[in-house]
Amino acid sequence: MTAGLLAGAAPALKSVEDNTSANLPPAASDSMRARDLVRAQLPGRDATPAVIVVHGQGADAAASAGEAVARITSALSGTARPDRVTGVISTVTAPDAAAELVSRDRGTQLVIAPMTGSPSDESFQDAVDKVRALSSDRAGPTEVAVTGPAGIATDTVKVFSGGDRVLLLATVLLVLVLLLAIYRSPLMALVPLLAVGVAMRVAETTGALLADAGIITVSSQTASIMTVLLFGVGTDYSLIITARYREALLDEPDRPRAMRTAVRRTAESVLAGASTIVLAMFALLVAVSPALRGFGPYLALGVAAMALVAFTFIPALVLLLGRGVFWPGGVDRAAERSRGAGVWHRTAALVTRAPVRIVSAVLVLLVVMSAGLLGYRESFNTLSGFRTATESERGRQLIQQEFGPGEIAPSTVVVRSRDDLRSGPAPAGIAAELAGTDDVARVGEPRFGEDGRTVFYDVVLDLDPYSSEALDAIGPLEQATRTAADTAGVRDATVLIGGETAQNADIRSALDRDTALIVLLVLAVVAAVLVVLLRSLLAPLYLVATLVLSFLATLGATTFFTLTVLGDEGIGNRVTAYIFVFLVALGVDYNIFIMSRFKQELRTLPPVEAISAALTRTGGVVSSAGLILAATFAVLMTQPIRELFQFGFGMAFGILLDTFLIRPLLVPAVVRLLGDRALWPARPENPSTTTGNPSTTTADAPAGPAVGTGPLLRAFTWIAVVEAGTWAGLLTGMYFKYVPRTTELGVRIFGTLHGAAFIAYLLLTALVAIRLRWRLGRTTLLALLAAVLPFMTVAFDMWARRTGRLPATAPRPTASR
């Protein structure tokens, strides 16, 4: 019902997708400031150019190219031209620009058609298609290709939209086949698919409403990843809950009671896994690059919706279908399968018998896989990332062949002074100096802004503008411009460089900074969740270490396969960060499932038998879940985009690595070696001392001191909930504060509540800690962790002010005398 109500109120998700800002550097970067100056000081230069490449062939190539340019110019200047075209620049309309528009052998010419509007609008893309149709009709014997920013943007949208339907259909069919093989019941196989459909509808409609309100951004790439993510985690949650349901049916024939038992026994691990993913997604909000910053909120929304559906819709649907949900095998056979397959009994025996050899062998294998990182390099070339032929890519190749590598994307050097530059010799002197700079092939004539204090130069590099060498050349070019301005006598000059190369350089710098910060933050989030879940300080350390090793091995294998085997130009510039966040957040789920079951089994079994029982009971269901999750991400490899292909391969490989190597072998072997210290400082109870009714020694029997049932701990718990809620609210308020349309009122309210709750929380924490004699148990550990959170908000605020996201506190004015 909720999904239906939201669907009626929300716009279509595609109508609010933003595929432009995700490919831009931070708004405060130099390249974006240069772009803003171009738009402000050079009217008409804010149009998006379509570059038409006319390539003549044969002995009369020059003549045929000239005739074709004349026909195309006439068509784009007449009444039949697309409405978005504002003019035409060619050898017909601008003969003086022939040196820049005609190749050295005169067999290739360029026609530039500036176009108004946003490249993400459908009407803009239709206009580009019309330009292509008009150019093709009048090309004659020449080859014509429309490229440039307008052509590239249009082809990018087409490539993405062409793969959406294939992605959804392939994902549904693949998951359905795997579920039928796992469940051997058609109705049970449909339950996860229906649940994912409901969660996806809720996430899409809610996300569309938030995007329409300007609160979050959603891109086509984010929507594609959301599809496979929900199918993967949704199926995982369904497998975990229904597996425990089948297991509960062994002892409880009443189906509703068995389902309640299943939900209760899986709630901790599933909520911990979902919370890890959601927190990891929100960790991306610390990024300054739009590609990462806008990526998290929508995916966090989807996972939260999936977790809600898992605990409500899935149990209700399974019970509603009755005993027929297990047809044709029946309830008894389904319940019996929950005892674990023989392969997992043998795996557990191997781990128990030879833990040292297993740890050594797995670590050596991970190190060998990580060796692929020796060939790691990144790519910032969007066009080379298309795994299908596009007209814009063909046009780019022609320009590079006939005009030089840098002509496809010139850089714009901006020099701004306090004085009027139009009458002095400085602009010409700066141009002469720039022409002699390393890596510069050509410098255009100076163009003055409307204020006369700003001068612009089109600078063409002799490098591929998307290569790492070109990105490295932006810094020296800026320094050379500053030196030239000082030599020419320009006082207090402001130097900025714009264009695609400069933007990519700023994107690279932002991504390098963001990736380092996100790695630390995500690992901290994962460690904190594991500490709270396992009540241990040691276990999170070795579990996080296995995740890091898994990531390095995955990235090494991805680099080797895509670059060495497939011949890709490089790893997509955002792929590394994406793989890390998703692989760590999803990979820890399987560690959570086995360690949570290990902790439960410790209540009745010694550590060696407990880890064997946990591995045996979770092996089948977790392996099935991992196989499906890996398969859903592998569907991304059907997409004709390099970034999605590499991300899909890396995630599929990494999840299989976690599912069949890390979780069933490395983690249990480490636990086996540590023995009683595996959950230090917590110590397992000795099952032999347990007396009384056997029913009280089940996995659900409560543990811990008796004081946990007292009113003091209940009060502490409620205050902890308030503390956590207000802290989350404060961070939410601080985030919305960055949106210019909001005020600081919400932040002040959240801050007041946060302060009051924190004071009460500290007082009760001290009382509880004294009552427990500072025993490092559940209560004290939670208290210590929660005490860190408010200080994180202070650090977050200081960081936001230092980086300019919040204005620095203005000094109070002093009273005049």
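Residues numbered from 1 in each chain as written. Predicted model: local features only at pLDDT ≥ 70, side-chain atom pairs only at ≥ 80, totals over all residues. Heavy atoms only, no water.

## So, the overall build of the protein
Inclusion rule: A run of H or I in DSSP becomes a helix once it reaches four residues, and a run of E becomes a strand once it reaches two; helices and strands are each numbered from the N terminus. Here, two residues are considered to be in contact whenever any of their heavy atoms come within 4.5 Å of each other.
When you go through the protein residue by residue, the secondary structure sums to 25 helices and 10 strands. Within the protein, contacts between residues separated by at least 24 positions form 79% of all contacts whose residues are at least 6 apart in sequence.

## Some words on the sheet that holds strand β1 (residues 48-55)
The test is simple: Between any two strands, pairing holds if DSSP finds at least two bridges. Interaxial angles span 0 to 180 degrees and are taken between N-to-C directions of axes, which are lines fitted to C-alpha atoms, for helices over the stretch in contact.
Reading across the sheet, the three strands line up as β2-β1-β3 and stay open at both edges, with antiparallel pairing between neighbours. In the strand order of this sheet, the two ends are held by β2 (108-115) and β3 (143-147), each with one partner. Between one strand axis and the next, the sheet turns through 20 degrees on average, direction left out of account. Across the sheet, helix α15 (residues 391-403) touches β1, β2 and β3, and the angle it forms with β3 is around 110 degrees.

## So, the environment of Ala431
As for its position among the elements, Ala431 is in helix α16 (residues 426-435). Along the chain, Ala431 and Val413 lie 18 residues apart, while their C-alpha atoms are 10.0 Å from each other. Not counting the four nearest positions on each side in its chain, Ala431 is found in contact with Val443 and Tyr457.

## Regarding the side chain of Thr147
Keep this limit in mind: Identification of polar contacts relies on pairs of N or O atoms within 3.5 Å, with a donor-acceptor requirement for protein atoms, meaning one able to donate a hydrogen and the other able to accept it, and with residues adjacent in sequence counted only if both atoms are side-chain atoms.
Its place among the elements puts Thr147 in strand β3. A polar contact is formed between the side chain of Thr147 and the backbone oxygen of Ser392, at a distance of 2.9 Å. Beyond its immediate sequence surroundings of up to four residues, Thr147 is in contact with Pro49, Ala50, Val51, Val53, Ile152, Ser392, Gly395, Arg396, Ile399 and Ile408.

## Some points on the packing of helix α14 (residues 355-370) against helix α19 (residues 539-565)
We apply this condition: Angle categories are assigned with fixed cut-offs, so that under 35 degrees is roughly parallel, over 145 is roughly antiparallel, 65 to 115 is roughly perpendicular, and the rest are oblique. For a crossing to be left-handed, the near helix must be turned anticlockwise from the far one by less than a right angle; the clockwise case is right-handed. All residues other than Ala, Val, Leu, Ile, Met, Phe, Trp, Tyr, Cys, Pro, Asp, Glu, Lys and Arg, Gly among them, are scored as polar; the first ten of these are nonpolar and the last four charged.
In contact at an axis separation of 7 Å, α14 and α19 are set at 40 degrees when each is read in the N-to-C sense. Here α14 lies oblique to α19, going by the angle between them. Between α14 and α19 lies a crossing whose hand is left-handed. Contacts between α14 and α19 pair Leu363, Leu366, Met369 and Ser370 from the former with Leu549, Leu552, Ala553, Gly556 and Ala557 from the latter. Considering only residue class, the contact of α14 with α19 consists of seven nonpolar, two polar and no charged.

## Section: the nonpolar core
Stated formally: The term nonpolar core refers to a set of buried residues drawn from Ala, Val, Leu, Ile, Met, Phe, Trp, Tyr and Cys, joined through side-chain atoms within 4.5 Å. Think of it in three bands: with a 1.4 Å probe and only protein chains considered, a residue is buried below 20% of the maximum accessible area for its type, exposed above 50%, and partly exposed in between.
Counting residues in hydrophobic clusters, the biggest one holds 172 residues, and the most contacted among them are Tyr457, Phe582, Met595, Phe598 and Phe633. At 18 residues, the largest contribution of residues to this core is made by helix α20 (residues 575-601). Beyond its immediate sequence surroundings of up to four residues, Phe633 is in contact with Val228, Leu229, Phe582, Leu586, Phe647, Gly648, Met651, Ala652 and Ile655. Ala50, Val54, Leu76 and Met115 belong to the second-largest nonpolar core, a separate cluster that totals 22 residues.

## Describing a nonpolar patch on the surface
Threshold: Patches draw on residues past 30% relative accessible area with no salt bridge. Two like charges within 9 Å are joined, as are two nonpolar side chains (Val, Leu, Ile, Met, Phe, Trp, Tyr) within 5 Å. Using the Shrake-Rupley algorithm and a 1.4 Å probe, accessible areas are obtained, with residue cover drawn only from the displayed protein chains. Here, a salt bridge means any Lys or Arg side-chain nitrogen found within 4 Å of an Asp or Glu carboxyl oxygen.
A cluster of nonpolar side chains, namely Leu187, Leu190, Leu194 and Leu321, defines an oily patch on the protein surface of about 300 Å² accessible area. Residue placement: Leu321 occurs in helix α11 (residues 296-321).

## Digging into the packing of aromatic side chains
Here the distance between the centres and the angle between the planes together describe a pair of aromatic rings. As a reminder, the rule being used: To pair, rings of Phe, Tyr and Trp, with the six-membered ring standing in for Trp, must have centres within 6.5 Å; the planes then decide the type, stacked if under 30 degrees apart, edge-to-face if over 60, and tilted in the middle.
What the rule picks out here adds up to eight aromatic pairs. Here the aromatic rings of Phe561 and Phe649 are separated by 4.5 Å at their centres, their planes lie at 15 degrees, and the arrangement is stacked. Here Phe649 lies in helix α22 (residues 642-674) and Phe561 lies in helix α19, a separation of 88 residues in the sequence. Looking at Phe649, the relative accessible area reads 14%, which means it is buried. Between Tyr590 and Phe593 the ring centres are 6.3 Å apart and the planes differ by 50 degrees, which places this aromatic pair in the tilted class. Here Tyr590 pairs with Phe593, and both are found in helix α20, just three residues apart, close to one helical turn.

## Looking at helix α5 (residues 122-137)
The cut-off we apply is this: By this rule, a helix spans an expected 1.5 Å times one less than how many residues it contains.
The terminal C-alpha atoms of α5, which comprises 16 residues, lie 23 Å apart, in line with the 22 Å expected from a rise of 1.5 Å per residue. Taken as a whole, α5 has its buried residues at Phe124, Gln125, Ala127, Val128, Val131, Arg132, Leu134 and Ser135.

## Structural notes on the pairing of β2
Where burial is concerned, most of β2 is hidden: seven out of the eight residues are buried. For β1 and β2, the ladder comprises eight bridges, and the chain directions are antiparallel. Paired with Val51 across the strands is Ile112, a residue of β2.

## Describing the pattern of salt bridges
Oppositely charged side chains can pair when the atoms bearing their charge come close. Applying the stated criterion to the full structure yields 23 salt bridges. A salt bridge links Arg416 to Asp451, with the shortest nitrogen-to-oxygen separation between them at 3.1 Å. With Arg416 in strand β5 (residues 411-416) and Asp451 in the loop between β7 (447-448) and β8 (454-461), this residue pair connects regions lying 35 residues apart in the sequence. The exposure class of Asp451 is partly exposed, given its relative accessible area of 22%.

## Looking at the side chain of Thr142
You can see Thr142 is positioned in the loop between α5 and β3. A polar contact is formed between the side chain of Thr142 and the backbone oxygen of Ala139, at a distance of 2.6 Å. Discounting chain neighbours no more than four positions away, the residues touching Thr142 are Val54, His55, Gly56, Ser64, Ala65 and Ala68.

## Let's talk about helix α18 (residues 500-534)
Taking 1.5 Å per residue, 35 residues should reach 51 Å; α18 reaches 49 Å between its end C-alpha atoms and fits that length. Immediately beyond the C-terminal end of α18, within one or two residues, lies Arg535, with a positive phi of roughly 55 degrees.

## As for the environment of Val621
Relative to the elements of secondary structure, Val621 occurs in helix α21 (residues 607-634). Placed 379 residues apart in sequence, Val621 and Thr242 show a C-alpha to C-alpha distance of 9.4 Å. Beyond its immediate chain neighbours, meaning those up to four positions away, Val621 contacts Leu239, Ile240 and Ala243.

## Considerations on the packing of helix α13 (residues 342-353) against α22
Taken N-terminus to C-terminus, the directions of α13 and α22 make an angle of 40 degrees; their axes are 9 Å apart at the nearest point. Regarding the angle of α13 to α22, the classification is oblique. Judged by the sense of rotation from one axis to the other, the crossing of α13 with α22 is right-handed. Only Arg663, Pro664, Leu665, Pro668, Ala669 and Arg672 of α22 make contact with α13, whose side of the interface consists of Trp344, Thr347, Val351 and Thr352. Of the residues contributing to the contact of α13 with α22, the split by class is six nonpolar, two polar and two charged.

## Regarding the confidence of the model for the protein
Here is the rule we go by: Known as pLDDT, the predictor's per-residue confidence is scaled from 0 to 100.
With 79% of its residues at a pLDDT of 70 or more, the protein shows a mean pLDDT of 80. Confidence drops under pLDDT 50 across residues 738-748; counting only partners more than four residues distant or on other chains, this segment forms 14 contacts. Here residues 772-781 is modelled with pLDDT under 50, and outside its nearest four sequence neighbours on either side it reaches 21 contacts, counting other chains as well.

## Quick notes on the environment of Glu433
With respect to the helices and strands, Glu433 occurs in helix α16. Measuring from C-alpha to C-alpha, the distance between Glu433 and Val443 comes to 9.8 Å, with 10 residues separating the pair along the chain.

## Brief notes about unusual backbone geometry
Omega for the peptide link from Trp680 to Pro681 comes to 10 degrees, which places this bond in the cis form. Looking at the secondary structure, you find Pro681 in the loop between α22 and α23 (711-737). With a phi angle near 50 degrees, Asp492 is a residue other than glycine that sits in the positive phi range. Here Asp492 lies in the loop between α17 (468-487) and β9 (494-498). For Asp492, a relative accessible area of 53% puts it in the exposed group.

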